[in-house]
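Tertiary structure, described
Residues per chain, in single letters:
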Amino acid sequence: MTGLYNPHRIGGAMPHGGLKRVGILTGGGDCPGLNAVLRAFVKTADARFDWSVCGILDGFEGLFRPDGVRELRVEHVRGLLPRGGTILGTSNRGDPFNYKTLVDGTVQTVDRSGDALARLRELGVGALVVVGGDGSQSIGLKLSQTGVPIVGVPKTIDNDLSATDITFGFDTAVATATDAIDKLQSTAESHHRVMIVEVMGRHSGWIALEAGIAGGVEVILLPEIPFRLERIAEYVQERDRRGGKFSIIVIAEGAHQVGSQAMTLQRQDPLAISVRLGGVGHWLAEELGQRIHHEVRCAILGHLQRGGSPSPFDRVLATRLGAAAAHLVERGEFGAMVALRGAEIVAVPLSDAVGVRKTVPPDGERVRTARDLGICFGD
Ligand code: F6P
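The present account deals with the structure reproduced in this document.

The rules we used
- Residues numbered from 1 in each chain as written.
- Predicted model: local features only at pLDDT ≥ 70, side-chain atom pairs only at ≥ 80, totals over all residues.
- Heavy atoms only, no water.
- Pairing = 2+ DSSP bridges.
- Helix = DSSP H or I, 4+ residues; strand = E, 2+ residues; numbered from the N terminus.
- Axes fitted to C-alpha atoms, helices over the stretch in contact; angles between N-to-C directions.
- Contact = heavy atoms within 4.5 Å.
- Phe/Tyr/Trp six-rings, centres within 6.5 Å; stacked < 30°, edge-to-face > 60°.
- Buried < 20%, exposed > 50% of the residue type's maximum accessible area, 1.4 Å probe, protein only.
- Lys NZ or Arg CZ within 6 Å of the ring centre and 35° of its normal.
- Salt bridge = Lys/Arg side-chain N within 4 Å of Asp/Glu carboxyl O.
- Core = buried A, V, L, I, M, F, W, Y, C linked by side-chain atoms within 4.5 Å.

**Details of the pairing of strand β5 (residues 106-110)**
- Pairing between strand β4 (residues 99-103) and β5: five bridges, direction antiparallel. In the strand pairing of β5, Val 103 is matched with Thr 106.
- Two successive antiparallel strands, β4 and β5, enclose a turn made up of two residues, where Asp 104 displays a positive phi of approximately 50°.

Next comes the structure, spelled out in structure tokens:
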């Protein structure tokens, strides 16, 4: 890391009056609503503050490429509200503080934060808005500690950021997963099968829990509640004895047995910030199939949950956060993230956003409600 970022030296950032140019990027896994944030931010920047907006492409990666930026004007964000994905592109590589490259097949990690700061100066941006999950917000926090004026906007379908009540993308992902469960119900029933639905959720089982309740499933398996195979097998057999000839199990990709860890895929991206999870759904189908009389099948929803048009709830939340981020920049409230608390959009310190992950409380009201209905958590 080299030197503190001094926006005054480039004449770009004078938080109160004089701010002319602001950078924005989307980092980490995409999710429905990212484009809605970009649209809201660019429109507010234009209509209220007359700033120019510089889009950094592919997360932080764009800072290291000569062609890694583009202008974002109002005409570029027209029609974006219903579009999934992000027009800026995103990446889970390119952490400036731990920049990974492959040299002769070996991963080398270097601190390129000095290059990132130099690029921001060169671009003349007086503030940088980071739209991302915990990984991107952690990088944002580190950049802010070097003096870069940062405002964070939380996103993730996993809904696992603790400083905000709900992240946009989550509602759409739950709707996608619920729709899939609804469809699997009829085929499971026709064939008297047990259908396993693997959903995303590496550390937090919010998607599995909410889609499981909304879809009326029999078993919900979460990373927060380690399960026992025998317990699931007993439950399915008991349901069978009571006339329930089919069952739906929803399992988060990060769920695991008591005493073991989340399953990872064999093929990993050596340059990625996080490991790829997967495989637990098929593994469970295999193991359960050996213990019960039913045929067991597995459907993996994977990236379907990250795609598609954002739900109305996500469009509104993303729009509110995008506009609020512009107001934070204007007020010079840096090192902060916009967040939803109750019904209000507020600003929280970035350090709060990345400190603790929001996981499903195993004894919380939603889990208790599900148990009231007889849903099994495998414990
Ligand atoms: O963080 C959101 C998430 O959807 C996780 O649930 C999942 O493990 C991860 O992204 C997958 O990311 P990628 O597409 O980079 O493999």
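**A look at the sheet that holds strand β7 (residues 150-154)**
- Spatially, β3-β2-β1-β6-β7-β12-β13 is the arrangement adopted by the seven strands of the open sheet, whose pairing is mixed. The open sheet has two free edges, formed respectively by β3 (69-72) and β13 (344-349), since each of these has just one partner strand. Each strand axis lies, on average, 30° off the axis of its neighbour in the sheet, ignoring direction.
- Docked against the sheet, helix α1 (residues 34-49) engages β1 (21-26), β2 (52-56), β3, β6 (127-132) and β7, running at close to 175° with respect to β1.
- Of the strands in this sheet, β1, β6, β7, β12 (336-341) and β13 are in contact with helix α9 (residues 312-331), which crosses β12 at around 140°.

**Things to note about the sheet that holds strand β9 (residues 219-221)**
- With parallel pairing, four strands are arranged side by side in an open sheet as β9-β10-β8-β11. Every other strand in the sheet has two partners, leaving β9 and β11 (296-300) as the edge strands with one partner each. Mean inter-strand twist for the sheet, computed between neighbouring axes without regard to direction, equals 20°.
- Both strand β8 (residues 194-199) and β11 contribute to a ladder of five bridges, which runs parallel. In the sheet register, Ile 196 faces β11, and the bridge partner there is Cys 298.

**Here we look at the packing of aromatic side chains**
- Across all of its chains, the model carries four aromatic pairs by this definition.
- When the centroid spacing of 6.3 Å and the interplanar angle of 40° are considered together, the rings of Phe 41 and Trp 51 count as tilted. With Phe 41 in helix α1 and Trp 51 in the loop between α1 and β2, the pair connects residues that are 10 residues apart, well separated along the chain. Neither Phe 41 nor Trp 51 differs from the other in exposure class; each is buried.
- One cation-aromatic arrangement involves Arg 239 over Phe 246; the distance from NZ or CZ to the ring centre is 5.2 Å.

**Side note on the pattern of salt bridges**
- The final tally for this structure, using the stated rule, is 22 salt bridges.
- Among the salt bridges present, the one from Asp 179 reaches Lys 183, with a minimum N-O distance of 2.9 Å. Taken together, the positions of Asp 179 and Lys 183, both in helix α5 (residues 170-191) and four residues apart, correspond to about one turn of that helix.
- What makes Asp 179 partly exposed here is its relative accessible area of 37%.

**Thoughts on the nonpolar core**
- Judged by nonpolar contacts, the single largest core of 69 residues is most densely connected at Ile 24, Phe 41, Val 129, Val 153, Phe 168, Ile 220 and Phe 377.
- In contact with Ile 220, not counting residues within four places along its chain, are Ala 208, Leu 209, Gly 212, Ile 213, Val 250, Ile 375, Cys 376 and Phe 377.
- The next biggest cluster of nonpolar side chains, apart from the first, holds 26 residues, and it includes Tyr 99, Ala 116, Ala 163 and Ala 353.

**So, the pairing of strand β10 (residues 247-252)**
- Most of β10 sits inside the fold, with six of its six residues counted as buried.
- Here β10 shows no split at all, with Ser 247, Ile 249 and Ile 251 on one side and Ile 248, Val 250 and Ala 252 on the other all buried.
- Across six bridges, the pairing between β8 and β10 is parallel. When the sheet's bridge partners are listed, Val 194 is paired in β10 with Ser 247.

**Some points on the environment of Thr 109**
- Relative to the helices and strands, Thr 109 is located in strand β5.
- Exposure remark for Thr 109: the relative accessible area of 44% places this residue in the partly exposed category.
- For the pair Thr 109 and Pro 96, spaced 13 residues apart in the sequence, the C-alpha separation amounts to 9.8 Å.
- Leaving out residues up to four positions away in the same chain, Thr 109 has contacts with Asn 98, Tyr 99 and Lys 100.

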